[in-house]
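Topology and contacts: notes
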Amino acid sequence: LESGDGAWHDRVPAWTKLAWQDHTTNLFNGVFWEPPAAEVYTFKHPRPAKPEALKVYEGHVGMGSFDPKVATYLDFARDVLPRIKRMGYNAVQLMAVAEHAH
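Parameters at a glance
- Residues take numbers from 1 onward in each chain, read along the sequence in its written order.
- Reporting of local features is limited, given that this is a predicted model, to residues whose pLDDT is at least 70; pairs of side-chain atoms are given and counted only at 80 or more, and all residues count toward the totals for whole chains, interfaces and linings.
- Hydrogens and waters are ignored; side-chain quantities use all the structure's heavy atoms.
- A run of H or I in DSSP counts as a helix once it spans at least four residues, and a run of E counts as a strand once it spans at least two, with each numbered from the N terminus.
- All radius of gyration figures rest on C-alpha atoms, and the globule criterion is 2.2 Å times the number of residues raised to 0.38.
- Here the term buried applies to any residue with accessible area under 20% of the maximum for its type, exposed to any over 50%, and partly exposed to those in between, with areas from a 1.4 Å probe on protein chains only.
- The accessible surface values rely on the Shrake-Rupley method and a 1.4 Å probe; as for residues, cover is taken only from the protein chains in view.
- In this count, Lys and Arg are taken as positive residues and Asp and Glu as negative ones, while His and the chain termini are left out.
- For charged residues, the charge sits on one atom: NZ in Lys, CZ in Arg, CG in Asp, CD in Glu.
- The pairing criterion is simple: DSSP has to find at least two bridges between the two strands.
- Clockwise travel from the first strand over the helix to the second, with the strands pointing away from the viewer, marks a crossover as right-handed.
- One less than the number of residues in a helix, times 1.5 Å, gives the span that helix is expected to have.
- Fitting axes to the seven residues ending at a residue and to the seven starting there, one defines the bend at that residue as the angle between these axes.
- Only heavy atoms matter for contacts: two residues are in contact if any of them lie within 4.5 Å across the pair.
- Pairing of N or O atoms within 3.5 Å defines a polar contact, subject to two protein rules: one partner must be a possible hydrogen donor and the other a possible acceptor, and residues neighboring in sequence count only if both atoms are side-chain atoms.

1. What to know about the overall build of the protein chain
Looking only at helices and strands, one finds 1 helix and 4 strands in the protein chain. Helices (α) and strands (β) of the protein chain occur, in sequence order from the N terminus, as β-β-β-α-β. The C-alpha atoms of the protein chain give 20 Å as radius of gyration, which overshoots the globular expectation for 102 residues (13 Å, by more than 25%). Viewed in the frame of its principal axes, the protein chain has a C-alpha envelope of about 50 × 40 × 30 Å. Across the 102 residues in the protein chain, those meeting the buried criterion constitute 12%. Just so you have it, the protein chain exposes about 9400 Å², and 59% of that area is on carbon and sulfur atoms. Here the protein chain contributes 11 positive and 12 negative side-chain charges, whose respective centroids are spaced 14 Å apart.

2. Points about the pairing of strand β3 (residues 56-59)
The pairing of β3 with strand β4 (residues 91-94) spans 4 bridges and is classified as parallel. Counted as the bridge partner of Glu58 is Gln93 from β4. Handedness of the β3-helix α1 (residues 73-86)-β4 crossover: right-handed.

3. Describing α1
Between its first and last C-alpha atoms α1 spans 19 Å; for 14 residues at 1.5 Å apiece the expected length is 20 Å, and the two agree. At Val80, α1 shows its largest bend, some 40°, and a proline, Pro82, comes one to four positions later. Within α1, burial applies to Asp75, Phe76, Val80 and Ile84. Where α1 is buried, its residues contact β3 and β4. Once α1 ends, the next one or two residues include Gly88, with phi positive near 90°.

4. Looking at the side chain of Asp75
Mapped onto the secondary structure, Asp75 falls in helix α1. We classify Asp75 as buried; its relative accessible area is 7%. Polar contacts involving the side chain of Asp75 include one to the main-chain amide nitrogen of Thr72, which spans 2.9 Å. Those residues in contact with Asp75 that sit more than four places away from it in its chain are Lys69 and Val80.

5. A look at the environment of Thr16
Following the sequence through the fold, Thr16 ends up in the segment before β1 (18-22). Take Thr16: its relative accessible area is 27%, and that puts it in the partly exposed class. Separated by 17 residues in the primary sequence, Thr16 and Trp33 have C-alpha atoms spaced 8.4 Å apart. Those residues within four positions of Thr16 in sequence are excluded, and the remaining contacts are Gly30 and Val31. Here Leu18 takes part through its backbone oxygen, which lies 3.1 Å from a polar atom of the side chain of Thr16.

Have a look at this one:
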């Protein structure tokens, strides 16, 4: 990729199937990976039907607790995901957690 100032930058392609991180530079490298047929993942359940419209729930995992604490992913899955489903949402966007004031 050539930037506006003429400098060249390497980027991992969006369609890469596997990326390895170089721990000396912390950069990721896209790796061509085409596994043998015996190692390809086989889905256990059919693909769900496509919804008529997307309804996205913005999930804040750390705030998903009734108790005065920072919730865990397990808390979120147990306590919040069932409510999201009951309310008719069909997609969940998990927001990043950098730090909490708790």
